[in-house]
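The primary structure of each chain is shown beneath.
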Amino acid sequence: MGFAGLSFFVNAAVVLLSAVVTSRLYGVEVVGSYALAIAPWGLLVSLSTVSEQVAMIRTLAVIERKTDDATGLFFAVLSASMTLTAVMAVPVFFISRALLDGPIDQGPAVLPAAVILAGYVAFENPGWNLESVLSAYSEGRRLFWARLSVALSFGVVAVALRAVTDTVWGLTIATVASFAVGTIVRLVSVRDLINRRPSGAAYRAGVQRLPELLRFGVGLLPGQFFIGATLQLPLWLVANTSGLRAIGAFSRASTMAVRLNEAGFRINEMLFPDLVRARREGDIERLAATQRTVLRLALIVLVFLASIAGGASEAVMNVFGDGFGSASGAFVALLGVHVCYVACSVVGTGFNVFDRPIYNSATSSIRFVVGVGLVAVLVPTRGITAAAFGLLVGYLVELAVRVAVLTRFLRRLADQGDGQLADTRPIDLVTVLRLVLAYSAGFAVVRTLAETVDHDLVTILAGGTLGTVAFVAAALATGLVTSEERATITRWRTARGR
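For clarity, every value in this text was computed on a predicted model and none was experimentally measured. (Residues numbered from 1 in each chain as written. Predicted model: local features only at pLDDT ≥ 70, side-chain atom pairs only at ≥ 80, totals over all residues. Heavy atoms only, no water.)

Visitor: So what exactly am I meant to see when it comes to the nonpolar core here?
Guide: The nonpolar side chains of a soluble globular protein tend to be buried with one another. Ranked by internal contacts, the top residues of the largest apolar core, which has 117 residues, are Leu60, Phe74, Val133, Phe320, Phe331, Leu334 and Phe354. Looking at this core, the element that brings in the most residues is helix H13 (residues 328-353), giving 16 residues. (Core = buried A, V, L, I, M, F, W, Y, C linked by side-chain atoms within 4.5 Å. Buried < 20%, exposed > 50% of the residue type's maximum accessible area, 1.4 Å probe, protein only. Helix = DSSP H or I, 4+ residues; strand = E, 2+ residues; numbered from the N terminus.)

Below you can see the structure in the form of structure tokens.
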């Protein structure tokens, strides 16, 4: 989990630096065109999966590494995943082309979109399947280097290509190059986890297990669609009513806020296999306590980041260059959206462990109906800031429902004798209130400074420092960080001092 956290922070820093540099080099309109070119990729990711990778992680977590069983299963899932992705890429392209050439009226983005789709099919989809192997065996260190290679290669290639072109093609080629580099690194990383190729018998055995895995994945399929649609449709709705400058500003705000999602991915790839093992061992108390602790600690970090970045939202968006500041209000809401996204994903892991993926799908429909519905209503009349806050409402409602459903589900298990649970809540109202107070303290200090000082860099640096002090003080004063955790931190600092 430590390497998962390191991966989140380091990659976020690299992506932020890359985003600032590329935004200033290419400009807000090219960034807007790139956002439209990469949007079909996000749609394909949502439509070309039956959550077979989640199901594979769940199965590999209890299979010995570098065995015929592990190798056969991986290659069977890889074959199914790549086939489905290639097939779905065709309708996704034609749908995207119809939208870009039609109501959105941005035909020049069609060909770059096609290249990115092809790069995903050829490189990134196989790479994500390889990541699933690393996740199943809790190889956090190797995952860290694989993700870092993707982030670094995009920035390096994009900057290098600016000497050749100032169009969307620089960012497009950099995207595909990062897909390829990441897959090569992952291939090297799994050499001692699976064999190079399966025997015929092992592959056939893996194929025979596919129906079992796909049945589990099908339960997640509607949820994957709703999650993907909720992430992608707001941009399409903005594009349908706004010009490239507004699209570029909104997409950059969304790109920065969505970095918080990576925390959810990194947490769950370490948390999920451990919870599966705890469930198999019948240790339901440890399972529930671990999920509750991880969710609270993750929210402390993410709410802290959202409060500091949200308070300095205008200064942060201005860093990207001229025209991006118009999305500063939307950025505040989008940070909240993705904090909720991570919380929902951690809570949803509990459903997957107990073979209830359909609960994730059902609750994900809430964010789609409420969130996207509000965006569709608010974008034409109130603009991108109001639309982003409407999206936040959808996520908050979904999170509340997920917490209530999982609490009730675990309580029912306890009543049936499936482990004695002292506390079935993944998070309680007191913790939520403490998070809100800490967020308010950090946000208020940074925003006050931002309104007093007319200098973006001073606002970010000084505001970040003072906001951090305010957030930490509020967290300690309200008991958000427990006495046991404070004692652990003290012991760690003492050991480091020695």
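Visitor: How should I be thinking about unusual backbone geometry in this particular structure?
Guide: Backbone geometry follows two general trends: most residues other than glycine have a negative phi, and most peptide bonds adopt the trans configuration. A positive phi angle is found at lysine 66, which is not glycine, with a value near 55 degrees. Within the chain, aspartate 105 stands out as a residue other than glycine whose phi angle is a positive 60 degrees. For aspartate 105, the position within the fold is in the loop between helix H4 (68-101) and helix H5 (110-136).

Visitor: Help me understand the confidence of the model for the protein, please; the structure alone is not making it clear to me.
Guide: As a general rule, the predicted coordinates of low-pLDDT regions are not to be interpreted in detail. Confidence in the prediction for the protein averages 86 pLDDT; 93% of positions are at 70 or higher. When the elements of the protein are averaged for pLDDT, helix H18 (residues 483-497) gives the smallest value, 70, and helix H7 (residues 168-189) the largest, 95. (pLDDT = per-residue confidence, 0-100.)

Visitor: I'm lost on a positive patch on the surface in this one. Help?
Guide: Positive charge collects at one region of the surface, where Lys66, Arg191, Arg196 and Arg197 lie side by side. Checked against the element boundaries, arginine 196 lands in the loop between H7 and helix H8 (200-241). (Patch = residues over 30% accessible without salt bridge, like charges linked within 9 Å, V, L, I, M, F, W, Y side chains within 5 Å. Areas by Shrake-Rupley, 256 points an atom, 1.4 Å probe, with all protein chains shown as cover. Salt bridge = Lys/Arg side-chain N within 4 Å of Asp/Glu carboxyl O. Lys, Arg positive; Asp, Glu negative; His and termini not counted. Charge placed at Lys NZ, Arg CZ, Asp CG, Glu CD.)

Visitor: Any chance you could explain the pattern of salt bridges here in plain terms?
Guide: Note that side chains of opposite charge can pair when their charged atoms are close. According to the stated counting rule, one finds ten salt bridges in the structure shown. Across the pair arginine 97 and aspartate 101 runs a salt bridge, and its minimum N-O distance is 3.7 Å. Taken together, the residues span about one helical turn, with arginine 97 and aspartate 101 both in helix H4 at a distance of four residues. Taking relative accessible area as the criterion, aspartate 101 reaches 44% and is therefore assigned partly exposed. The partner of arginine 186 in a salt bridge is glutamate 131, with the nearest N and O atoms 2.9 Å apart. Taken as a pair, arginine 186 in helix H7 and glutamate 131 in helix H5 lie far apart in primary sequence, 55 residues in all.

Visitor: Looking at this model, I keep getting lost on the packing of aromatic side chains. Mind explaining?
Guide: Describing an aromatic ring pair means giving the distance of the ring centres and the angle of the ring planes. The tally for this structure, following the rule as stated, stands at 14 aromatic pairs. Seen in terms of ring centroids, phenylalanine 354 and phenylalanine 409 are 5.4 Å apart; in terms of plane orientation they differ by 70 degrees. Their pairing is edge-to-face. Here the residue phenylalanine 354 occupies a position in the loop between H13 and helix H14 (357-382), and phenylalanine 409 occupies one in helix H15 (residues 384-415), the gap between them amounting to 55 residues. Here the two residues phenylalanine 354 and phenylalanine 409 agree in accessibility, since each one is buried. By way of ring pairs, the aromatic residues Trp41, Tyr120, Trp128 and Phe179 are connected into one cluster. Positioned over the ring face of tyrosine 26 is arginine 162, at 5.9 Å from the centre of the ring. (Phe/Tyr/Trp six-rings, centres within 6.5 Å; stacked < 30°, edge-to-face > 60°. Lys NZ or Arg CZ within 6 Å of the ring centre and 35° of its normal.)

Visitor: Mind showing me how you'd approach a nonpolar patch on the surface here?
Guide: Judged by side-chain polarity, Leu17, Val21, Leu25 and Val159 come together as a nonpolar surface patch covering roughly 300 Å² of accessible area. Looking at the nonpolar patch element by element, the count peaks at three residues for helix H1 (residues 2-26). Checked against the element boundaries, valine 159 lands in helix H6 (residues 140-161).

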